[in-house]
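# What the coordinates show
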Amino acid sequence: MRMNAANSISVANLIVGLCSILCSLNRLHHSACWLILTGFLLDLADGAVARRLNACSALGAKLDDFADFTSFGLAAGLLLQAQGVLDGLLVILYALAVFTRLCFFSSGVPFMYRGLPCPYGASMLATTYLLTGGDRVATRAVALAMVLFMVDRGFYPHDKVLESQPWKKAVYAGGVLMVAFSASSFASVYYLIWSTSYIFFPTALWSYRN
């Protein structure tokens, strides 16, 4: 039962990612973006639930990685709306960066990752799309920047938001609330600020011990 609770959240993340892919294929990009951001929340929750219930397992880790690649690699890549060879190569590059990040995230340092966690890259891509109305130059520039952040092997703290200080839990609760106001640009700005703060001030703000 404990294993099922954590794995069910990962499966929900996978389903959300698949739904986002379907939305993008049907040109419902606004919905696709918010499904990716919903997956972002689910990804933060599944690890917390697994650790809380002492239900971590090899199967759960593989399921989480598969869900992450679907939601934050494939679904996020489709937001680039590839039209031509160069666009297609960028989508492939983005997906490969997510794949590489998921394969080699271990840093050997407690409470640290190597390379930007892909949910934050996908969040930046989704919020950029929402705030610019899908501007191709902006989304492609952000995608390239996120590729660099994911593969540069810099250190980022484990984002144990639901297992840390009350203010971080409040940020997460705010993210859940913002889903209900997805039609508002403020909701997109909220996720943009959240993701940007993690990318540029990882240790100062988001260290597990802070």
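Residues numbered from 1 in each chain as written. Predicted model: local features only at pLDDT ≥ 70, side-chain atom pairs only at ≥ 80, totals over all residues. Heavy atoms only, no water.

### Section: the overall build of the protein chain
Stated precisely, the cut-off is as follows: In this description a helix means any DSSP run of H or I spanning at least four residues, a strand means any run of E spanning at least two, and both kinds are numbered starting from the N terminus. Radius of gyration: C-alpha atoms only; globule rule: 2.2 Å multiplied by the number of residues to the exponent 0.38. Remark: exposure states derive from per-residue accessible area (1.4 Å probe, protein chains only) relative to the maximum for the residue type, with buried under 20%, exposed over 50%, and partly exposed in between. Residue-level accessible areas treat just the shown protein chains as cover; the underlying method is Shrake-Rupley with a 1.4 Å probe. By the counting rule applied here, Lys and Arg register as positive and Asp and Glu as negative, while His and the ends of each chain are not counted. Taken as the charge location is NZ of Lys, CZ of Arg, CG of Asp or CD of Glu.
A tally of regular secondary structure across the protein chain gives nine helices and two strands. Counting from the amino terminus, helix and strand elements in the protein chain follow one another as α-α-α-α-β-α-α-β-α-α-α. A compact globule built from 210 residues should have a C-alpha radius of gyration of about 17 Å, and the protein chain, at 16 Å, falls within 12% of that. C-alpha atoms of the protein chain, sized along the principal axes, occupy 45 × 35 × 35 Å. For the protein chain, with 210 residues in total, the buried portion stands at 49%. Accessible surface, the protein chain as shown: approximately 9,900 Å² in total, 71% of it carbon and sulfur. Looking at charge distribution, the protein chain has the averaged site of its 14 positive side-chain charges lying 5 Å from that of its 10 negative ones.

### Digging into the packing of helix α4 (residues 85–103) against helix α6 (residues 136–151)
Put simply, the rule is: Lines fitted to C-alpha atoms define the axes, with helix axes restricted to the stretch in contact, and inter-axis angles between N-to-C directions lie between 0 and 180 degrees. With respect to orientation, any angle under 35 degrees is reported as roughly parallel, any angle over 145 as roughly antiparallel, any angle of 65 to 115 as roughly perpendicular, and every other angle as oblique. Working rule for handedness: look at the near helix, and if it is turned counterclockwise from the far one by less than a right angle, call the crossing left-handed; if clockwise, right-handed. By definition, residues are in contact when any of their heavy atoms lie within 4.5 Å. Gly counts as polar in this scheme, as do all residues outside two lists: the nonpolar Ala, Val, Leu, Ile, Met, Phe, Trp, Tyr, Cys and Pro, and the charged Asp, Glu, Lys and Arg.
In contact at an axis separation of 9 Å, α4 and α6 are set at 30° when each is read in the N-to-C sense. Relative to α6, the element α4 is oriented roughly parallel. Where α4 crosses over α6, the handedness of that crossing is left-handed. Across the interface between the two elements, Asp87, Leu90, Leu93, Tyr94, Ala97, Val98 and Arg101 from α4 touch Arg140, Ala143, Leu144, Met146, Val147, Met150 and Val151 from α6. Each residue belonging to the contact of α4 with α6 can be placed in one class, and the counts come to eleven nonpolar, no polar and three charged.

### Comments concerning the pattern of salt bridges
How we decide: The term salt bridge refers to a pairing of a side-chain nitrogen on Lys or Arg with a carboxyl oxygen on Asp or Glu at a separation within 4 Å.
Under the criterion given, the structure shown has one salt bridge. Among the ionic pairs, Arg140 bridges to Asp87, the shortest N-O distance being 3.1 Å. Separated by 53 residues along the polypeptide, Arg140 in helix α6 and Asp87 in helix α4 bring together distant segments of the chain. The class of Arg140 is buried, set by a relative accessible area of 13%.

### Quick word on the UniProt feature "transmembrane region" (unreviewed entry) in the protein chain
For the record, the criterion: UniProt positions are given in the numbering used here, feature names are shortened, and annotations may be inferred rather than shown by experiment.
UniProt records the feature "transmembrane region" (unreviewed entry) for residues 6–25, 70–99, 137–158 and 170–193 in the present numbering. Along residues 6–25, the helical share is 100% and the strand share 0%, with 29 Å between the first and last C-alpha atoms. Overall, residues 137–158 shows 68% helix and 14% strand. The separation of its end C-alpha atoms is 31 Å.

### Quick word on the side chain of Ser10
The line we're drawing: In protein, a polar contact requires one atom able to donate a hydrogen and another able to accept it; more generally it is a pair of N or O atoms within 3.5 Å, and residues adjacent in sequence count only if both atoms are side-chain atoms.
With respect to the secondary-structure elements, Ser10 resides in helix α1 (residues 2–25). What makes Ser10 buried here is its relative accessible area of 4%. At a separation of 3.0 Å, a polar atom in the side chain of Ser10 contacts the side chain of Asp46. Ignoring sequence-local partners within four residues, the contact set of Ser10 consists of Asp46, Leu63, Asp64 and Ala67.

### A closer look at the packing of helix α2 (residues 29–52) against helix α5 (residues 118–132)
Relative orientation of the contacting elements α2 and α5 amounts to 150°, with a least axis distance of 9 Å. It follows from the interaxial angle that α2 and α5 lie roughly antiparallel. You can see that α2 and α5 cross each other, and the crossing is left-handed. Judged by residue contacts, His29, His30, Cys33, Trp34, Ile36, Leu37, Phe40, Asp43 and Leu44 of α2 engage Pro119, Tyr120, Ala122, Ser123, Ala126, Thr127, Tyr129 and Leu130 from α5. Within the contact of α2 with α5, the residues separate by chemical class into twelve nonpolar, four polar and one charged.

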